[in-house]
Amino acid sequence: MERTVSCYDCGETYAFDARKRCACGEPLWFDSDPDGFAWPETGSVDDMWRYADLLPVSDPVGVAPGGTPLSRAERLDDYAGCNLFLKHEGQNPTGSFKDRGSAVGVRDAADAGFEWVGTVSHGNMALSTSAYAASADLECAVFVPAETPAERLELIARHDPHVFTVEGDYGRLYADTLSLPVDVNFVNSDTPLRVAGQKTVAYEILEQLAPAAPDAIALPVSSGGQASAVWKAVRELDRAGLLDSVPRLYCCQAAACDPIATAYRNGDRTVTPVAADETIAVSIANSDPPSGTRALAAARDTGGAVVSVPDEDVRDAMRAISTRAGVSVEPSSAVAVAGVRHLSRTGALEANDDVVAILTGSGYKEDYDTEVRTDTIALDDVERELASIVDT
Ligand SMILES: *Cc1c(COP(=O)(O)O)cnc(C)c1O
Ligand SMILES: [Zn+2]
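About the thresholds
Residue indices begin from 1 for each chain and proceed along its sequence in written order. Starting at A for chains and at 1 for ligands, labels are handed out in the order in which the entities are written. Restriction of local features to residues with pLDDT of at least 70 applies here, the model being predicted, together with a cutoff of 80 or more for giving and counting side-chain atom pairs; totals for whole chains, interfaces and linings are based on all residues. Side-chain figures throughout are based on the complete set of non-hydrogen atoms in the structure, without hydrogens or water. UniProt positions are given in the numbering used here, feature names are shortened, and annotations may be inferred rather than shown by experiment. The set of buried Ala, Val, Leu, Ile, Met, Phe, Trp, Tyr and Cys residues whose side-chain atoms join them within 4.5 Å is what this entry labels a nonpolar core. Here's how the labels work: a residue is buried when its accessible area is under 20% of the maximum for its type, exposed when over 50%, partly exposed in between, all with a 1.4 Å probe on protein chains only. Under the scheme used here, helices are H or I runs from DSSP no shorter than 4 residues and strands are E runs no shorter than 2 residues, and both carry numbers assigned from the N terminus. Working rule for contacts: check all heavy atoms of both residues, and any pair within 4.5 Å makes them a contact. Whether a set of points on the 1 Å grid over the protein atoms alone is a cavity depends on a 1.4 Å probe fitting there but being unable to get out, while an open set qualifies as a pocket with protein on both sides within 12 Å along at least five of seven lines; lining residues are those with an atom within 4 Å of a point. Grid points are joined across faces, edges and corners, and a volume is the space filled by probe spheres set on the points. We call two strands paired when DSSP finds no fewer than two bridges between them. Angular values range over 0 to 180 degrees, each being the angle between N-to-C directions of two axes fitted as lines to C-alpha atoms, with helices fitted over their stretch in contact.

- Per an unreviewed UniProt entry, the protein chain carries the name Threonine synthase and comes from Natrinema salaciae.
- Quoted verbatim from the Sequence similarities (unreviewed entry) field of UniProt, the annotation for the protein chain is "Belongs to the threonine synthase family."
- For the record of the protein chain, the UniProt heading Cofactor (unreviewed entry) holds the text "pyridoxal 5'-phosphate".

Considering the nonpolar core
Step number 1: Ranked by size, the top nonpolar core spans 37 residues in total, and within it I205 and V230 carry the most contacts.
Step number 2: Of all the secondary-structure elements, those providing two or more residues to this core are α7 (200-209), β10 (216-220), α8 (225-239), β11 (248-254), α9 (259-265), α10 (292-301) and β13 (354-359).
Step number 3: The residues touching I205, leaving out its near neighbours within four places in the chain, are L70, K87, I217, V356 and I358.
Step number 4: The next biggest cluster of nonpolar side chains, apart from the first, holds 35 residues, and it includes V309, A317, M318 and V327.

Notes on the UniProt feature "modified residue: N6-(pyridoxal phosphate)lysine" (unreviewed entry) in the protein chain
Step number 1: Annotation from UniProt places "modified residue: N6-(pyridoxal phosphate)lysine" (unreviewed entry) at K98.
Step number 2: Mapped onto the elements, K98 comes out in helix α2 (residues 98-111).
Step number 3: Sequence-distant contacts of K98, that is, excluding residues within four places in its chain, are made with N124, M125, S128, R194 and Q198.

Some points on empty space enclosed by the protein
Step number 1: If you walk through the whole model with that rule in mind, you get three cavities of 30 Å³ or more.
Step number 2: Of the voids in this model, the largest cavity is the one considered here, and its volume is about 300 Å³.
Step number 3: Considering the residues around the largest cavity, the lining is formed by 28 residues, among which F97, K98, S222, S283 and I284 are closest to the centre.
Step number 4: Among the elements of the structure, α3 (124-135), β10, α8 and α12 (331-345) are those that each provide at least two residues to the lining of the largest cavity.

Thoughts on the sheet that holds β10
Step number 1: If you walk across this open sheet you meet the six strands as β4-β5-β13-β10-β11-β12, and the pairing is mixed. The sheet is open, and its two edges are formed by β4 (70-72) and β12 (305-309), each paired on a single side. Looking at each pair of strands side by side, their axes are set apart by 25 degrees on average, direction ignored.
Step number 2: Examined bridge by bridge, β10 and β13 share three bridges and lie parallel to one another. Bridging from a neighbouring strand, A216 pairs with V355 of β13.
Step number 3: Packed onto the sheet, helix α11 (residues 311-325) meets β5 (83-88), β11, β12 and β13 and runs at close to 95 degrees relative to β12.

Printed below as a string of structure tokens:
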């Protein structure tokens, strides 16, 4: 079957080649044919390749991403203001949802005979792309911003890619790499192959909750690649007749860097770059999101919204997730839960709404300057010390 990509905005269709954006300027995504698609049999593959029929490539590469748990987080309901479900994307092989897109992108690059793949990233995607490139015996070039934390660089370097730390405008770097006249297949955050792989997180959520669809899905948004993927998946499953209702998509950003939320608040149709401040949510600090306008359309089309939350709310949500759900996430992931809390407080979400927050990345990758309190005691005092806290 010929593979085609199309534009969500103007509807133009192209045969798939190196082209990543429509003549109108908007990003393209892969066409798939959901007519007749049904949930796979129980007992068949339970990772992302379960949905190979809806993907542009079907052969796995490396450690299969996906099949991550969806848990009901009752102890966070009060905090979130709704019935909260958590999708644990930190359990993917390199600790974030990026693996779903890397697997598809790297598979396709290998099939097409490329020797090199590349990516532009704040860390998680560089780590993921490097790992999948290693598994496929491809060389990998990663470009990271100068302020990328040292712990992240060290994790990336374990897979032996060529790492370039780049000073200068991240948005331009991203766009430039997609049209460089070199034989490096760039699988940046909103390219058609990456978005195709990342659809599988939404297929999983909706299959895990089937036959009832959740009222809403909330996720942290940077480039808009994942939001686009979730929207695409929802549209396909709706077309396949597998949804009793279409979940509202809520895109959540950090207030210090919130170009999509700004456009949403202003009622704009397109997203324009903003001047950004620093935020602890480093993985989603993109002031010039390449799929921002598409993410905005995803939120509006499904009856959702785009919100932004201050860093103090992000820290608070991180703590709540750790202490009430037993899950450690990175700050960027906590933005989704902080966003849900904000949406409940402003009335957009209600107490009986079933809401899925996508916890995009693991908190076990770096330290977050949290103060740790311990009691140092003598060995002989263990019993007395323990009794003193247990009894009171
Ligand atoms: C990349 C990333 C995001 C944002 O995804 P986009 O597709 O760029 O919008 C959110 N959370 C984490 C942990 C990420 O690594
Ligand atoms: Zn177009």
